[in-house]
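If you want the building blocks of each chain, they are given just below.
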Amino acid sequence: MGHLKQSHLITTRERLRDQVAHALRAALISGELKPGEVYSAPGLAEDFGISATPVREAMLDLAREGLVEPVRNKGFRVTEVDERDLDQYTDIRLLIEVPTVGRVTLTADREDLRALRPIAEEIVEAARAHDLIGYLESDRRFHLTLLGLSGNQRLVETVGDLRKRSRLYGLTALDERGELLPSAEEHLELLDFMLAGDAMGAEACMVRHLSHVRSLWARDDSGTGPDGAGARTGMGSRSGMGARSGAVGRPRSAS
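Residues numbered from 1 in each chain as written. Predicted model: local features only at pLDDT ≥ 70, side-chain atom pairs only at ≥ 80, totals over all residues. Heavy atoms only, no water.

Caption draft 1: Focus on the nonpolar core. In this structure, Y135, F142, L146, L190 and M194 are the most contacted members of the largest nonpolar core, which totals 30 residues. Contributions of two or more residues to this core are made by α4 (83-107), α6 (117-128), α7 (132-148), α9 (171-176), α10 (180-195) and α11 (199-218). Excluding residues within four positions of it along the chain, L146 makes contact with V101, V104, L113, L116, L190 and M194. Listed in part, the 23 residues of the second largest apolar core include A27, A41, A52 and V78. (Core = buried A, V, L, I, M, F, W, Y, C linked by side-chain atoms within 4.5 Å. Buried < 20%, exposed > 50% of the residue type's maximum accessible area, 1.4 Å probe, protein only. Helix = DSSP H or I, 4+ residues; strand = E, 2+ residues; numbered from the N terminus. Contact = heavy atoms within 4.5 Å.)

Caption draft 2: Inspection of helix α3 (residues 52-64) at higher detail. Taking 1.5 Å of rise per residue, the 13 residues of α3 would be expected to cover 18 Å, and the 19 Å separating its terminal C-alpha atoms lies within 8% of that figure. Along α3, the positions that sit buried rather than exposed are A52, P54, V55, A58, M59, D61 and L62. Phi for G66, located one or two positions after α3, is positive at around 80°. (Expected span 1.5 Å × (residues − 1).)

Caption draft 3: Highlighting the pairing of strand β2 (residues 68-71). Bridge count for β2 against strand β3 (residues 75-78) is four bridges, and the pairing is antiparallel. Across the sheet, the residue bridging to E69 is R77, located in β3. Hairpin connection of β2 to β3: three residues between the antiparallel strands, including N73 at a positive phi of 65°. (Pairing = 2+ DSSP bridges.)

Caption draft 4: Broad picture of the environment of V98. Summarising the element assignment, V98 is placed in helix α4. Separated by 108 residues in sequence, V98 and M206 have C-alpha atoms that sit 5.9 Å apart. Among residues more than four places away in sequence, those in contact with V98 are R93, E203, M206 and V207.

Caption draft 5: Representation of the pattern of salt bridges within the structure. The final tally for this structure, using the stated rule, is 13 salt bridges. We note a salt bridge from R17 to D61, for which the minimum N-O separation is 2.6 Å. Separated by 44 residues along the polypeptide, R17 in helix α1 (residues 16-29) and D61 in helix α3 bring together distant segments of the chain. A salt bridge links D139 to R163; its shortest N-O distance comes to 2.6 Å. Residue D139 is found in helix α7, and its partner R163 is found in helix α8 (residues 153-166); the two are separated by 24 residues along the sequence. Taken as a pair, D139 and R163 share a single burial class, namely buried. The structure contains a network of salt bridges with shared partners spanning R17, D61 and R64. (Salt bridge = Lys/Arg side-chain N within 4 Å of Asp/Glu carboxyl O.)

Caption draft 6: Representation of the packing of α4 against α10. At a minimum axis separation of 8 Å, α4 and α10 run at an interaxial angle of 45°. Judged on the interaxial angle alone, α10 and α4 are oblique. Contact with α4, carried on its side by V101, V104 and T105, involves L190, F193 and M194 of α10 and no other residues of that element. Partitioned by chemical class, the residues of the contact of α4 with α10 number five nonpolar, one polar and no charged. (Axes fitted to C-alpha atoms, helices over the stretch in contact; angles between N-to-C directions. Parallel < 35°, antiparallel > 145°, perpendicular 65-115°, else oblique. Nonpolar A, V, L, I, M, F, W, Y, C, P; charged D, E, K, R; others polar.)

Caption draft 7: Molecular detail of the packing of α6 against α7. Relative orientation of the contacting elements α6 and α7 amounts to 160°, with a least axis distance of 8 Å. Here α7 runs roughly antiparallel to α6, going by the angle between their axes. α6 and α7 meet at a crossing whose hand is left-handed. Along its contact with α6, which presents I119, A120, E122, I123, A126 and A127, the element α7 presents G134, Y135, S138, D139, R141 and F142. Here the contact of α6 with α7 is built from residues that sort into seven nonpolar, two polar and three charged. (Left-handed = near helix turned anticlockwise from the far one by under 90°.)

Laid out in C-alpha cells, this is it:
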C-alpha cells in the first residue's frame, strides 16, 4: 500500500489524525489514490492497522480542502480535476507567484534567500533518488517559504491551497520518463537569479517553471492525471500503491 504503510507516519496517538491526513495527501498527490475512485474509511484503516475513526476524521479534513467528497454509505470519492481546472489553477499561481518573486528578489535579505538553497538542493536530490514524497515535501517548503518572504501570509495560504487542489498530477510517470529532474533543477536556477538581484530574470524563470509543470501534467499518460481518471466505486485495486516512492512496510499497530 505504499505511503499508507510508512512506519514513521503512524507513531503517536495524539497526532494520529494529522498523520493519517498527511499520508493520504501524499498518496493523492502522487496519484496512488485515483481520481474518481471511492475509498472507504474502514478499508483504508485496515491498511494503516488502526481504527476507522481517525481515518474518517482525516478524510473529512481532506473533504474540507476539496480533495475528496463524501459518498453516502460508501466512503469518499477522490475529486477529479480536469484540464480546465488545472489551467485555472496555473493561471492563478502565475498571477500571484511571478510578481511576488520579482518583489522578493528586490526586497528580501540575501541570507534569507541563501537559506533556501539547501531546500532547493533537497528537491534535486529527491528527484535523482526517485523519492516522490521527499520531492513534493521539499518542493512545497521551498515555494511556500519563498513566498513567505513577501510577508503576506494570506498569499502563502492561497498558493498552498492551490497546490493541494492541483496535486501535481502524474509524478510517477514523469519520474519514469526522466522529466522530473529538469523541473527540480529550475529551483536552483531561480535562486541564482534572485541572489543576483535580477528580478526580471527571476520572474521569467518562475513563468517557465510553472508553465513547465503544467505542460508535464498535460503530457501525463499514466492514468493518474485528469484525463486518465476513471470513476470507480469500492476500494479498487490497491496492489500498485507505493511504486517508486521509497515506501516500506511496517508492523500493524492498534489505535
